[in-house]
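Inside the fold
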Amino acid sequence: MDEDLATSTDAGFAGLGLRPELLRALADLGYEEPTPIQREAITPLIAGHDLVGQAATGTGKTAAFALPLLQSLEAGGSDSPTALVLVPTRELAEQVSQAVHRYGRDLNVRVLPVYGGQPISRQLHVLRRGVDVVVGTPGRILDHIERETLQLDAVRTVVLDEADEMLDMGFAEDIEAILAETPTERQTVLFSATMPPRIDAIARRHLREPLRIRMGRDTSAADALPTVRQSTYLVARAHKTAALGRILDVEMPTAAIVFCRTREEVDEVTESLNGRGYRAEALHGGLSQDQRDRVMGRLRGGSTELLVATDVAARGLDVEQLTHVINYNVPSAPEAYVHRIGRVGRAGRTGAAITLAEPREQRMLKAIERLTGQRIALEKLPTVTDLRARRLDLVRTTVQDAMSADDLDRFRSVLASLTDDADLETVALAGLKLLHEANGGDVDEQEIPAIAPMREREDRGRDSRGPGSDRFDDRRPGRGRSGSGPVTRVFVGLGRRAGLRPQDLVGAIAGEAGLPARDVGAIQITDRFSLVEVPEADAERVIRALSHSTIRGRRPTVRRDRPNH
Ligand code: AMP
């Protein structure tokens, strides 16, 4: 692998037939090679095939459909969009737009995110100037079609991203209506984390002989799995570097590899770890063979304890002393996870595999567990108190080890002179303090907020993003549920269009069902309906009471929210 590492980005993505402008953008983003889904999907999509891909967030699915869209983009072509991407949420609309923009940087692509809650006038203005790619939520796209402010005649490709989510949010009819407005000879691409029968029905009705791709099917990779301790921490993106440092402080690996997705991430993480006092070295495809050899030498010799690397750079690398593999992100495919953790626990050595997962990557973790048949334990991040205790413990064990050394005698005269004026205990305490300070001293850090894991029922069918996503964008601050028992999500057939506000729901639930307001959990209000979390034990009572009450002058449908309604 070594000779062609420096050019592996081109080899990897160029092998898929992507145009030079895209290859340049990918290289600059530090993408070294395509993820499995990209490797499978990009070439057929460029050739114009329809495609159904079962892939969750974290697999690189966005680039898998965005790059082919950009491949056929004609700069200055039609003023009405040639590609339409439908997504369930505003958050995703923005993310996908940004991705298209980044990849299409050298193509001057004009991309517009379109979602409810944003002033329509701004969208109208941009649409009038002309756009190539529209990324939007079905409700708002349909609004534009009805106002005749969005022309879909020139659309060549439609992407349904996170299709299961869109159905869950009640967008099935809107999607049908939108597809009916696009040319029948279009290319249609559907991505979904789960494949319930309703998704299959859409694929059968609207896609032509689609290629089907499913991630995580290669179970052969799991056979070679060593026995290592596997654990994961849920962390919001903003806290990841801090969390990594803290985990390392507690784990104290002899030698570890931290895997990152891109070169940029490698550099960023290396810098942050060095700032924390670790001896960390970056290893990525941008380094020359000579530089890489030197880095490896330092790791083997023990003068480096942490290697921060991309998959490509770490391929084929075998380090005897490796005690920990750390995934700074959930790997883009379950197989990659297995390959990575195969680096520790070799030849009977013990090791640990630790994964940092953002809330929305939890589904990928489940896919990995399914592939390996092994559980990945969800751990709580060390708190500031844990860190303090750990640092003091380190002082204790370091001194304990030193006490068994046989070269202590030469310090006797120093000790004797110190104890002329002070007692032995004070001298010892001062020594411990100095050692503690040399180890980094007192912990001066903020607590990292804990994140609740995805609940079981969400995992079964619906939420690929988990808590903290914009599904619960109307979550009321400071009003968490008082208990932590199981909750039920209740569907109420009234939404923003009926003028519904969170306080109307809380008021109705408190007033009609007698449930204390603090027991009402997260509330999500969409244009047409709302979802509200209540304790499972009170769900029936709330549903009965709300079904018989009037909210904002209407009597809405109220029922348990089903994973696939
Ligand atoms: P997605 O599954 O599309 O949400 O992508 C997950 C993350 O992986 C995003 O942060 C992308 O920027 C990143 N990503 C996608 N493809 C690659 C690749 N080939 N190499 C490195 N990072 C990637």
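Heads up: the structure comes first, above all this text.
Thresholds, definitions, all that
- Residues numbered from 1 in each chain as written.
- Predicted model: local features only at pLDDT ≥ 70, side-chain atom pairs only at ≥ 80, totals over all residues.
- Heavy atoms only, no water.
- Buried < 20%, exposed > 50% of the residue type's maximum accessible area, 1.4 Å probe, protein only.
- Helix = DSSP H or I, 4+ residues; strand = E, 2+ residues; numbered from the N terminus.
- Contact = heavy atoms within 4.5 Å.
- Phe/Tyr/Trp six-rings, centres within 6.5 Å; stacked < 30°, edge-to-face > 60°.
- Lys NZ or Arg CZ within 6 Å of the ring centre and 35° of its normal.
- Arc of directions from axis to C-beta.
- Core = buried A, V, L, I, M, F, W, Y, C linked by side-chain atoms within 4.5 Å.
- Near = heavy atom within 4 Å.
- Polar contact = N/O pair within 3.5 Å; in protein donor to acceptor, adjacent residues only side chain to side chain.
- Areas by Shrake-Rupley, 256 points an atom, 1.4 Å probe, with all protein chains shown as cover.
- Patch = residues over 30% accessible without salt bridge, like charges linked within 9 Å, V, L, I, M, F, W, Y side chains within 5 Å.
- Salt bridge = Lys/Arg side-chain N within 4 Å of Asp/Glu carboxyl O.
- Lys, Arg positive; Asp, Glu negative; His and termini not counted.
- Charge placed at Lys NZ, Arg CZ, Asp CG, Glu CD.
- Pairing = 2+ DSSP bridges.
- Axes fitted to C-alpha atoms, helices over the stretch in contact; angles between N-to-C directions.
- Parallel < 35°, antiparallel > 145°, perpendicular 65-115°, else oblique.
- Left-handed = near helix turned anticlockwise from the far one by under 90°.
- Nonpolar A, V, L, I, M, F, W, Y, C, P; charged D, E, K, R; others polar.

Let's talk about helix 22 (residues 539-547)
- For helix 22, the complete set of buried residues consists of Ala539, Val542, Ile543, Ala545 and Leu546.
- In this fold, the buried residues of helix 22 make contact with strand 15 (487-492), helix 21 (502-513), strand 17 (530-535) and strand 18 (558-560).

A word on the packing of aromatic side chains
- In this structure the tally under the stated criterion is 3 aromatic pairs.
- Ring centres of Phe65 and Phe191 lie 5.9 Å apart, and the angle between their planes is 40°; on these two criteria the pair is classed as tilted. Of this pair, Phe65 sits in helix 4 (residues 61-71) while Phe191 is found in strand 6 (residues 187-192), placing the two residues 126 residues apart along the sequence. For the pair shown, Phe65 and Phe191 are each scored as buried.
- Cation over ring: Lys240 sits above Tyr328, and NZ or CZ is 4.9 Å from the ring centre.
- The ring of Phe491 has Arg559 sitting right over it, with the charged end atom 4.1 Å from the ring centre.

Notes on helix 10 (residues 197-206)
- Listed in full, the buried residues belonging to helix 10 are Ile199, Ile202, Ala203 and His206. Along the axis of helix 10, the buried residues cluster in a sector spanning 100°; they form a single face. Residues of helix 10 that are exposed and angled more than 90 degrees away from the buried face: Pro197, Arg204 and Arg205.

Focus: the nonpolar core
- Among the nonpolar cores identified, the biggest contains 41 residues, and Phe65, Leu67, Val85, Tyr103 and Val133 are the most heavily contacted of them.
- Elements with a contribution of two residues or more to this core: helix 2 (20-29), helix 3 (36-46), helix 4, strand 2 (83-86), helix 5 (90-103), strand 4 (133-136) and strand 6.
- A per-element tally of this core places helix 4 first, with 7 residues.
- Ignoring anything within four residues of it in the chain, the contact list for Tyr103 reads Leu22, Ala25, Leu26, Leu29, Tyr31, Ala63, Ala66, Leu67 and Leu70.
- Among the nonpolar cores identified, the runner-up in size contains 34 residues, and Leu84, Val126, Met166 and Ala203 belong to it.

With respect to the site of the ligand
- The environment of the ligand is made up of 14 residues, and the closest members are Tyr31, Gln38, Gly58, Gly60 and Thr62.
- Interatomic distance of 2.7 Å between a side-chain N/O atom of Gln38 and a nitrogen atom of the ligand.
- Within the backbone of Thr59, an N or O atom sits 3.0 Å from an oxygen atom of the ligand.
- Out of a free accessible area of 500 Å², the ligand has 84% covered by protein chains.

Regarding unusual backbone geometry
- A positive phi angle, near 35°, is found at Glu209, a position not held by glycine.
- Counting through the fold element by element, Glu209 comes out in the loop between helix 10 and strand 7 (211-214).
- Positive phi is not limited to glycine here, since Met252 has a value of about 45°.
- Counting through the fold element by element, Met252 comes out in the loop between helix 11 (240-251) and strand 9 (256-259).
- Exposure remark for Met252: the relative accessible area of 36% places this residue in the partly exposed category.

Quick look at a negative patch on the surface
- Where like charges cluster on the molecular surface, the negative patch consists of Glu264, Asp267, Glu268 and Glu271.
- You can see Glu271 is positioned in helix 12 (residues 263-275).

Overview of the sheet that holds strand 5 (residues 157-160)
- Read from one edge to the other, the open sheet built from 7 strands follows the order 3-4-2-5-6-1-7, with strand pairing classed as parallel. Strands at the two margins of the open sheet, each flanked by one partner only, are strand 3 (111-114) and strand 7. Pairwise comparison of adjacent strand axes, ignoring direction, gives a mean angle of 10° for this sheet.
- Against the sheet, helix 4 engages strand 2, strand 4, strand 5 and strand 6, with an angle of about 170° to strand 6.

Some details on the pattern of salt bridges
- Applying the stated criterion across every chain yields a total of 37 salt bridges.
- When the shortest N-O distance is used, the salt bridge between Asp143 and Arg140 registers 3.9 Å. You can see Asp143 and its partner Arg140 sitting in helix 7 (residues 138-146), 3 residues apart, about one turn around the helix.
- With a relative accessible area of 12%, Arg140 lands in the buried category.

Some thoughts on the environment of Phe191
- Under the relative-accessibility criterion, Phe191 is labelled buried at 0%.
- Considering only alpha carbons, one finds Phe191 and Thr62, 129 residues apart in sequence, at a separation of 9.3 Å.
- If sequence neighbours within four positions are ignored, Phe191 has contacts with Ile37, Leu51, Gly53, Ala55, Lys61, Ala64, Phe65, Leu160, Asp161, Glu162 and Ala163.

Describing the side chain of Thr35
- Position of Thr35 relative to the elements: it lies in the loop between helix 2 and helix 3.
- At a separation of 2.8 Å, a polar atom in the side chain of Thr35 contacts the main-chain carbonyl oxygen of Thr59.
- Setting aside residues no more than four positions away along its own chain, Thr35 makes contact with Thr59, Gly60 and Ser332.

Regarding a nonpolar patch on the surface
- A cluster of nonpolar side chains, contributed by Leu408, Phe411, Val414 and Leu418, occupies part of the molecular surface with about 340 Å² of accessible area.
- Looking at the element boundaries, Val414 is found in helix 18 (residues 412-421).

Considering the side chain of Ser231
- Turning to its location among the elements, Ser231 is positioned in strand 8 (residues 229-234).
- Aside from chain neighbours lying at most four places away, what touches Ser231 is Ala353, Ile354, Thr355, Ile376, Ala377 and Glu379.

Some thoughts on the packing of helix 7 against helix 9 (residues 172-180)
- For the pair helix 7 and helix 9, the least separation of the axes is 9 Å and the interaxial angle reads 40°. The orientation of helix 7 relative to helix 9 falls into the category oblique. As for the relative orientation of helix 7 and helix 9, their crossing is left-handed in sense. In contact with Pro138, Gly139, Ile141, Leu142 and Ile145 of helix 7, helix 9 contributes Asp174, Ile175, Ala177 and Ile178.
- Considered class by class, the residues forming the contact of helix 7 with helix 9 number 7 nonpolar, 1 polar and 1 charged.

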